[in-house]
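Structural features, examined
These are the residues of each chain, in order.
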Amino acid sequence: RERYGLDDPLPEQYVRLMEDIIAGDVACFYGCPSLRQAFFDSLPATLSLVAGAAVIAIGLGVGLALVAVRHRGRWPDRLITSGAVVAYSVPSLVLAAVLWAYLSYKWRIFPQDGYVPLTENPIQWFWHLLLPWIAAALPFAGAYVQVVRAALVDTVDEDWVRTARAKGLTEKRVLRRHVLRNALISPMSLWGLDFSHAFGGFVLYVEVIFGIPGIGRLTAETLESYDLPPIVGLAVWLAIVVVLFSAIADLLIAWLDPRTRRPVTAA
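Here is a short report on the structure shown in this document. Because the structure is predicted, anything quoted here is derived from the model rather than measured.

With that settled, consider unusual backbone geometry. Its identity as a non-glycine residue notwithstanding, Arg108 has a phi of 60°, on the positive side. Structurally, the position occupied by Arg108 is in the loop between α4 (92-106) and α5 (122-156).

Now for the packing of helix α2 (residues 35-70) against helix α7 (residues 171-183). Running from N to C, α2 and α7 point in directions that differ by 125°, and their axes come no closer than 11 Å. Considered as vectors, α2 and α7 are oriented oblique to each other. α7 is crossed by α2, and the crossing has right-handed handedness. Every residue of α7 that contacts α2 at Val62, Leu66, Val69 and Arg70 is listed here: Lys172, Leu175 and Leu180. Per-class residue counts for the contact of α2 with α7 are five nonpolar, no polar and two charged.

Attention now goes to the environment of Val179. Considering the arrangement of structural elements, one finds Val179 in helix α7. Looking at Val179, the relative accessible area reads 0%, which means it is buried. C-alpha of Val179 to C-alpha of Val85: the two residues are 94 residues apart in sequence and 23 Å apart in space. In contact with Val179, not counting residues within four places along its chain, are Leu152, Thr155, Val156, Trp160, Val161 and Val174.

This paragraph deals with the packing of helix α6 (residues 159-166) against α7. If you want to describe how two helices pack, look at the angle between their axes and the distance between the axes. Interhelical geometry of α6 versus α7 gives an angle of 155° and a closest axis separation of 10 Å. Viewed along their axes, α6 and α7 adopt a mutual orientation that is roughly antiparallel. Judged by the twist between their axes, the crossing of α6 over α7 is right-handed. Here Trp160, Val161, Ala164 and Arg165 of α6 come into contact with α7, specifically with Glu171, Val174, His178, Val179 and Asn182. Along the lines of polarity and charge, the residues of the contact of α6 with α7 split into five nonpolar, two polar and two charged.

Okay, the pattern of salt bridges next. Overall, the coordinates contain three salt bridges when judged by the stated rule. Put simply, Asp8 and Arg16 hold a salt bridge, and the shortest N to O gap is 3.2 Å. A residue is classified by how much of its surface remains accessible, and Asp8, at 27% relative accessible area, is partly exposed.

Further remarks concern the nonpolar core. Formed by 50 residues in total, the largest nonpolar core has its most connected members in Trp133, Trp191, Phe199, Phe202 and Phe210. Tallying contributions element by element places α5 first for this core, with eleven residues. The contacts of Phe199, once residues within four sequence positions are left out, are Thr46, Leu47, Val50, Leu238, Val241 and Val242.

Rules used throughout
Residues numbered from 1 in each chain as written. Predicted model: local features only at pLDDT ≥ 70, side-chain atom pairs only at ≥ 80, totals over all residues. Heavy atoms only, no water. Helix = DSSP H or I, 4+ residues; strand = E, 2+ residues; numbered from the N terminus. Axes fitted to C-alpha atoms, helices over the stretch in contact; angles between N-to-C directions. Parallel < 35°, antiparallel > 145°, perpendicular 65-115°, else oblique. Left-handed = near helix turned anticlockwise from the far one by under 90°. Contact = heavy atoms within 4.5 Å. Nonpolar A, V, L, I, M, F, W, Y, C, P; charged D, E, K, R; others polar. Buried < 20%, exposed > 50% of the residue type's maximum accessible area, 1.4 Å probe, protein only. Salt bridge = Lys/Arg side-chain N within 4 Å of Asp/Glu carboxyl O. Core = buried A, V, L, I, M, F, W, Y, C linked by side-chain atoms within 4.5 Å.

Rendered as structure tokens:
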């Protein structure tokens, strides 16, 4: 207790812990290596997982939503919306476990575990992360299909859209160049929240299941050892990352919708 300052008053322990977290010098009770070094060593794998899953989820969700709106009320629309509900209803944990059990362990199609840095071998980096990307992205893609489709349906019948059609633009060009940009505002807000869920949720079990040496796996190992200071340090650092990417999402929304840049003035 004297060595780690546990016999000091609680306010002093709190201030010292926060100073160590900010400086990156969090002490471990069980002789772990530098938490700062472990965090930054694990960050590239986690960023690769989250960024790839985000690209797949947004690309798949927006693309399928566009197809559904173009065929609104017909069988492609009903098929896509039904599939989106099913994908959104399956938790990433269950999906990751099933994909690993069959495609990696039983049939040996994908690697069972491990991670290859992008700078070392881009092909192996892609191949090792493809299955984790799919497991992490499909539930979010199902949510994006529903949100983007609803936003497109609300926008597609606006007066300015009918004006664009009256000018002779094709339906595909109207949807992609005019309707989609306005319809992406809601999904971008949702993306900011999903990124918080990614760092605080699915990276933990996806990285553990697929053996990816990222922040999620580092957090799981810290939790298993019941080492409180590293757990608090990881929580604070992850909160900083979440706030950073939430700010990036707000900037993207301002770029998509110029109306959000105007200051609000009193009437």
